[in-house]
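# Structure at a glance
Residue-level listing of the chains:
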Amino acid sequence: MSAAGFDMTASRYRDGDAPFLSARRVAERLGVTLTELAGLIGVARNTLTAKAGARKADAALSPVVRILAMASEMAGGEDRAAIWFKHQPIPGWAGKTAYDLVREKKADKVLAYLEAVRSGIYA
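For every chain, the first residue of its written sequence is number 1, and the numbers climb from 1 along that sequence. Note on the predicted model: pLDDT of at least 70 is required for a residue's local features to be given, and 80 or more for side-chain atom pairs to be given and counted; whole-chain, interface and lining totals, by contrast, use all residues. The side-chain quantities take in all heavy atoms of the structure and omit both hydrogens and water.

Labelled according to an unreviewed UniProt entry, the protein chain appears under the name MbcA/ParS/Xre antitoxin family protein, originating from Chelativorans petroleitrophicus.

Encoded structure:
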């Protein structure tokens, strides 16, 4: 995904002209609570809603939004991407989903997998 494509997708996860990603919008897309999202990305629940934590929350949410953007591009829509993220096991990871791997701090592995699929390696 190009930087412009990510920026366009990321804008859907912001509130208005806010410079940071919105935890509420990401949680809504994934169908999880803010508490569950905080656990997924490894930050305190209060960090997601406090203005003082906006930069930290944005940094933690960014890999999830990148994964959703790539998956959306490949799966044909944001709803399908969210379903894939939560429910589709990734080959070679013992039945773990992207959600599971992100929770284990392995978002980079999910992004690498998606890049490989897009390149035709696992297709």
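From this point, things continue past the structure.
## Let's talk about the overall build of the protein chain
To keep things clear, this is the line we draw: Working definition: helices are DSSP H or I runs of at least four residues, strands are E runs of at least two. Numbering for both runs from the N terminus. Each radius of gyration reported is based on C-alpha atoms, and the globular scaling rule is 2.2 Å times the count of residues to the power 0.38.
Helix and strand counts for the protein chain stand at 8 helices and 0 strands. In the protein chain, the succession of α and β elements from N to C terminus is α-α-α-α-α-α-α-α. At 14 Å, the protein chain has a C-alpha radius of gyration in line with the 14 Å of a compact globule built from 123 residues. Seen through its principal axes, the protein chain has C-alpha atoms that stretch 40 × 30 × 20 Å.

## Some details on the side chain of glutamate 78
Worth spelling out the cut-off: Within 3.5 Å is the distance limit for a polar contact, defined as a pair of N or O atoms, with the added protein rule that one can donate a hydrogen and the other accept it, and that residues adjacent in sequence qualify only through two side-chain atoms.
Counting through the fold element by element, glutamate 78 comes out in helix H6 (residues 78–87). Within the local environment of glutamate 78, its side chain forms a polar contact with the side chain of arginine 12, the two groups lying 2.5 Å apart.

## Concerning the UniProt feature "domain: Antitoxin Xre-like helix-turn-helix" (unreviewed entry) in the protein chain
Note the cut-off: UniProt positions are given in the numbering used here, feature names are shortened, and annotations may be inferred rather than shown by experiment.
Sites flagged by UniProt as "domain: Antitoxin Xre-like helix-turn-helix" (unreviewed entry) map to residues 19–63. End-to-end, the C-alpha atoms of residues 19–63 are 16 Å apart, and along that stretch the chain is 69% helix and 0% strand.

## Here's the deal with unusual backbone geometry
What counts here: Using a 1.4 Å probe on the protein chains alone, a residue whose accessible area is under 20% of its type maximum counts as buried, one over 50% counts as exposed, and one in between counts as partly exposed.
One non-glycine residue, alanine 94, adopts positive backbone phi at about 50 degrees. By the element assignment, alanine 94 lies in the loop between H6 and helix H7 (98–103). By relative accessible area, which is 79% here, alanine 94 ends up exposed. Here lysine 105, not a glycine, exhibits a phi torsion of approximately 65 degrees, which is positive. Looking at the secondary structure, you find lysine 105 in the loop between H7 and helix H8 (107–118). A residue is classified by how much of its surface remains accessible, and lysine 105, at 56% relative accessible area, is exposed.

## Things to note about the environment of arginine 45
Rules: Contacts are residue-level and defined by heavy atoms, with any inter-residue pair within 4.5 Å sufficient.
With respect to the helices and strands, arginine 45 occurs in helix H4 (residues 45–49). In this structure, the C-alpha to C-alpha distance between arginine 45 and valine 117, residues 72 residues apart in sequence, is 33 Å. Discounting residues that sit within four places of it in the chain, arginine 45 has contacts with Leu34, Thr35 and Ala38.

## Remarks on the UniProt feature "domain: Antitoxin Xre/MbcA/ParS-like toxin-binding" (unreviewed entry) in the protein chain
Per the UniProt record, "domain: Antitoxin Xre/MbcA/ParS-like toxin-binding" (unreviewed entry) is found at residues 71–120. A distance of 14 Å separates the end C-alpha atoms of residues 71–120, which is 66% helix and 0% strand.

## Some points on helix H2 (residues 23–30)
We apply this condition: Note that the arc is computed from the directions linking the helix axis to the C-beta atoms.
Of the residues making up H2, those classed as buried are Ala23, Val26, Ala27 and Leu30. One side of H2 carries all its buried residues, which in axial view fall inside an arc of 100 degrees. The inward-facing, buried residues of H2 abut helix H3 (34–41), H4, helix H5 (54–75) and H6. Phi turns positive one or two residues past the end of H2, at glycine 31, with a value near 70 degrees.

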